[in-house]
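Results of the structural survey
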Amino acid sequence: MATYSRLPGSVALITLQNPPVNALSAAVRQGIVDTVQRALKDPKVTSVVICGQNGKFCGGADIREFAGPMLGPPLVPMIHAIEAVDKPVAAAIEGVALGGGLELALGCHYRIAHSKALLGLPEVTLGLLPGAGGTQRLPRLIGLTAALDLITTGRHISAAEALKLGIVDQVTDSNAVDQAVEFVRSVAGRS
Ligand SMILES: C/C=C(\C)C(=O)SCCNC(=O)CCNC(=O)[C@H](O)C(C)(C)COP(=O)(O)OP(=O)(O)OC[C@H]1O[C@@H](n2cnc3c(N)ncnc32)[C@H](O)[C@@H]1OP(=O)(O)O
């Protein structure tokens, strides 16, 4: 699931909840669709932060659901809907942003990472290619050569490398959610 709360300063906080790594189960995807719609419709909300509970942003597809039929909202339109929100949306990346988790973050307008976070597109290690926009959004953001390296090796990179490559906008040693909230407050209302 995903919870919704409105913080002072008109920021909506969406928190992914699916232990242990807040993977994108059908319930989490449905929760994201519902809470993003809620933030979009709430006139008091001017910006949005998406984070994961317990210091983990998102470990990607929920591998526990791989054996069963695909249920719940698909990932691609869900991420498109986030990208299309006309209020600034930031991903607060703590712990991991892997696979679909990084693709979710790439659909956000900004990414703020904790210094110890790991990011990557490990799909290739499962015999897959990133299928939820990562093969488009990552090259647009960091260029083809660097994106191909990450997509074809599946390697995890540090927040420092992600900052250097241009995947994340800021890295912090303190609380990434607080930092992301402060960041979106500062850009709210800008075109
Ligand atoms: C289509 C495909 C799409 C959209 C994809 O996203 S494919 C990519 C899917 N994600 C991954 O391949 C990530 C796999 N996980 C890892 O690399 C690691 O587990 C980790 C880096 C996330 C954490 O590593 P570590 O701290 O060493 O801990 P463990 O490996 O022991 O894992 C801890 C528990 O988390 C469970 N886990 C990890 N990833 C997932 C996941 N994607 N879905 C569901 N559960 C996940 C893992 O099984 C461990 O559970 P327990 O054994 O403790 O019950």
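Going by what an unreviewed UniProt entry lists, the protein chain is known as Peroxisomal bifunctional enzyme and is assigned to Salvelinus namaycush. Under the UniProt heading Sequence similarities (unreviewed entry), the note attached to the protein chain is "In the C-terminal section; belongs to the 3-hydroxyacyl-CoA dehydrogenase family."

**What to know about the overall build of the protein chain**
Check the secondary structure of the protein chain and you find 7 helices and 9 strands. Against the globule reference of 16 Å for 191 residues, the protein chain gives a C-alpha radius of gyration of 15 Å, in line with a compact fold. A principal-axis box enclosing the C-alpha atoms of the protein chain has dimensions of 45 × 40 × 30 Å. With 191 residues in all, the protein chain has 51% of them scored as buried. For the protein chain, the proportion of contacts with a sequence separation of at least 24, taken over those separated by at least 6, is 72%. Only carbon and sulfur atoms are counted for the fraction: they give 58% of the accessible area of the protein chain, which is about 8700 Å². Side-chain charges of the protein chain comprise 16 positive and 15 negative groups, with the mean position of each set lying 4 Å from the other.

**Observations concerning helix H4 (residues 134-142)**
Those residues of H4 lying buried are Gly134, Arg137, Leu138, Pro139 and Ile142. Buried residues along H4 sit against helix H2 (75-83), helix H3 (100-107), helix H5 (144-153) and helix H6 (159-165). Gly143 lies just past H4 and shows a positive phi near 90°.

**So, the pairing of strand E3 (residues 47-52)**
Here E3 lies mainly inside the structure; 6 of its 6 residues are buried. Judged from the 6 bridges that link them, strand E2 (residues 11-16) and E3 form a sheet pairing that is parallel. Across the sheet, the residue bridging to Ala12 is Val48, located in E3. The parallel pair E2 and E3, bridged by helix H1 (residues 26-41), forms a crossover whose chirality is right-handed. In the sheet, E3 pairs with strand E4 (residues 89-93) via 3 bridges, with the strands oriented parallel.

**Some details on the nonpolar core**
Residues Leu16, Ile32, Ile50, Phe57, Ile93, Leu119 and Ile167 are the most contacted members of the largest nonpolar core, which totals 45 residues. Ignoring any residue separated from it by four or fewer positions in sequence, one finds Ile32 in contact with Ala2, Leu16, Leu24, Met78, Ile82 and Leu104. In terms of nonpolar packing, the next biggest core, distinct from the first, is built from 13 residues, Leu13, Ala92, Val177 and Val184 among them.

**Considerations on the pattern of salt bridges**
If you walk through the whole model with that rule in mind, you get 5 salt bridges. Taking the shortest distance from any N to any O, the salt bridge between Arg64 and Asp62 comes out at 2.9 Å. The class of Arg64 is exposed, set by a relative accessible area of 54%. Using a relative accessible area of 6% as the deciding quantity, one classes Asp62 as buried. Arg155 serves as the salt-bridge partner of Glu161, at 2.7 Å between the closest nitrogen and oxygen. The class for Glu161 is partly exposed, based on a relative accessible area of 27%. Judged by its relative accessible area of 31%, Arg155 falls in the partly exposed class. It is possible to trace a salt-bridge network through shared partners that takes in Asp149, Arg155 and Glu161.

**Some details on the site of the ligand**
In the vicinity of the ligand, 18 residues are found, and the nearest of them are Pro20, Gly59, Ala61, Ile63 and Gly100. Interatomic distance of 2.8 Å between a backbone N/O atom of Ala61 and a nitrogen atom of the ligand. Measuring from a nitrogen atom of the ligand, one finds a backbone N or O atom of Ile63 at 3.1 Å. For the shell around the ligand, the residue count by class is 10 nonpolar, 5 polar and 3 charged.

Rules behind the numbers
- Residues numbered from 1 in each chain as written.
- Predicted model: local features only at pLDDT ≥ 70, side-chain atom pairs only at ≥ 80, totals over all residues.
- Heavy atoms only, no water.
- UniProt positions renumbered as here; feature names shortened; annotations may be inferred.
- Helix = DSSP H or I, 4+ residues; strand = E, 2+ residues; numbered from the N terminus.
- Rg over C-alpha atoms; globule rule 2.2 N^0.38 Å.
- Buried < 20%, exposed > 50% of the residue type's maximum accessible area, 1.4 Å probe, protein only.
- Contact = heavy atoms within 4.5 Å.
- Areas by Shrake-Rupley, 256 points an atom, 1.4 Å probe, with all protein chains shown as cover.
- Lys, Arg positive; Asp, Glu negative; His and termini not counted.
- Charge placed at Lys NZ, Arg CZ, Asp CG, Glu CD.
- Pairing = 2+ DSSP bridges.
- Right-handed = clockwise from strand over helix to strand, strands pointing away.
- Core = buried A, V, L, I, M, F, W, Y, C linked by side-chain atoms within 4.5 Å.
- Salt bridge = Lys/Arg side-chain N within 4 Å of Asp/Glu carboxyl O.
- Near = heavy atom within 4 Å.
- Polar contact = N/O pair within 3.5 Å; in protein donor to acceptor, adjacent residues only side chain to side chain.
- Nonpolar A, V, L, I, M, F, W, Y, C, P; charged D, E, K, R; others polar.

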